[in-house]
Amino acid sequence: MTGARLKIRLAYQRGFQVVDGSTILNTFPTKEEAFQFLVDRDARVWLDWGRTVIGGRTAPFDYAASFLQESVGRIRQEQHPPSAGIWLWSCFENGARGKTEIKDEAVFQVERAFTRFVVKADWR
């Protein structure tokens, strides 16, 4: 399960479920325990992604990440030189940010950063 991308969803009156496709892997009483299950397996949460909306308009090459309807991150592609084509990513909760040439890598970084933030995996 190393490197897996798993969903975490609310389990009605039971806490949070970790799901792989349609298979429930485990149920936990708290969000933090569900996220720790992912971190222990070097997995990441599969966030919900949609187009970024600014002033009522969708921004091109700009995507927002959310977890249970809470905005948690963003990726966007630079459109102008000298950095045209570069994907910028940020996780709102912990301030993690960076850049990459590949969109899927930007998605990976936001999902990994948010997963680790929830359980304070990188706090000292």
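The structure under discussion appears in the preceding block.
What comes next is a walk through the structure. Source: prediction; values computed, not measured.

**Brief notes about the packing of aromatic side chains**
Then step 1. This structure, assessed with the given rule, holds six aromatic pairs.
Then step 2. An angle of 85 degrees between the planes, with centres 5.7 Å apart, marks the rings of phenylalanine 35 and phenylalanine 114 as edge-to-face. Of this pair, phenylalanine 35 sits in helix α1 (residues 31–40) while phenylalanine 114 sits in helix α2 (residues 103–118), and the two are 79 residues apart along the sequence. As far as the burial class goes, phenylalanine 35 and phenylalanine 114 line up, both buried.
Then step 3. One aromatic cluster is present, formed by Phe35, Phe67, Phe114 and Phe117 through successive ring pairs.
Then step 4. Over the face of the ring belonging to phenylalanine 37 we find arginine 41, whose NZ or CZ atom lies 3.7 Å from the ring centre.
Then step 5. Lysine 103 extends its terminal NZ or CZ atom over the ring of tyrosine 63, reaching a point 4.2 Å from the ring centre.

**As for the nonpolar core**
Then step 1. Counting 29 residues, the largest nonpolar core has Ile8 and Phe114 as its most contacted members.
Then step 2. For this core, the secondary structure elements donating two or more residues are β1 (5–11), β2 (15–20), α1, β6 (57–67), β7 (70–77), β8 (87–91) and α2.
Then step 3. With residues near it in sequence (within four places) discarded, phenylalanine 114 still touches Phe35, Val45, Leu47, Phe67, Val72, Cys91 and Glu93.

**So, the pairing of strand β5 (residues 48–54)**
Then step 1. Bridge analysis of β5 against β6 gives six bridges, and the strand direction is antiparallel. Across the sheet, tryptophan 49 pairs through a bridge with alanine 65, a residue of β6.
Then step 2. Linking two consecutive strands that pair antiparallel, namely β5 and β6, is a turn of two residues; a positive phi of about 60 degrees is found at glycine 55 within it.

Parameters at a glance
- Each chain carries its own residue numbering, running from 1 in the written order of its sequence.
- Under the rules for a predicted model, residues below a pLDDT of 70 receive no local features and side-chain atom pairs below 80 are neither given nor counted, while totals for whole chains, interfaces and linings still include all residues.
- For the side-chain quantities, the full set of heavy atoms in the structure was used; hydrogens and water were omitted.
- Aromatic contacts are taken between Phe, Tyr and Trp rings whose centres are within 6.5 Å, Trp giving its six-membered ring; a plane angle under 30 degrees counts as stacked, one over 60 as edge-to-face, and the others as tilted.
- The numbering of helices and of strands both runs from the N terminus, where a helix is a DSSP run of H or I of at least 4 residues and a strand a run of E of at least 2.
- Accessible area is worked out with a 1.4 Å probe on protein chains only. A residue is then buried under 20% of its type maximum, exposed over 50%, and partly exposed in between.
- The criterion is that NZ of a Lys, or CZ of an Arg, lies within 6 Å of the ring centre and within 35 degrees of the ring normal, and then a charge sits over that ring.
- Joining through side-chain atoms within 4.5 Å is the link that ties buried Ala, Val, Leu, Ile, Met, Phe, Trp, Tyr and Cys residues into a set, and such a set is a nonpolar core.
- A contact between two residues is defined here by any heavy atoms of the two lying within 4.5 Å.
- Strands qualify as paired when DSSP identifies two bridges or more between them.

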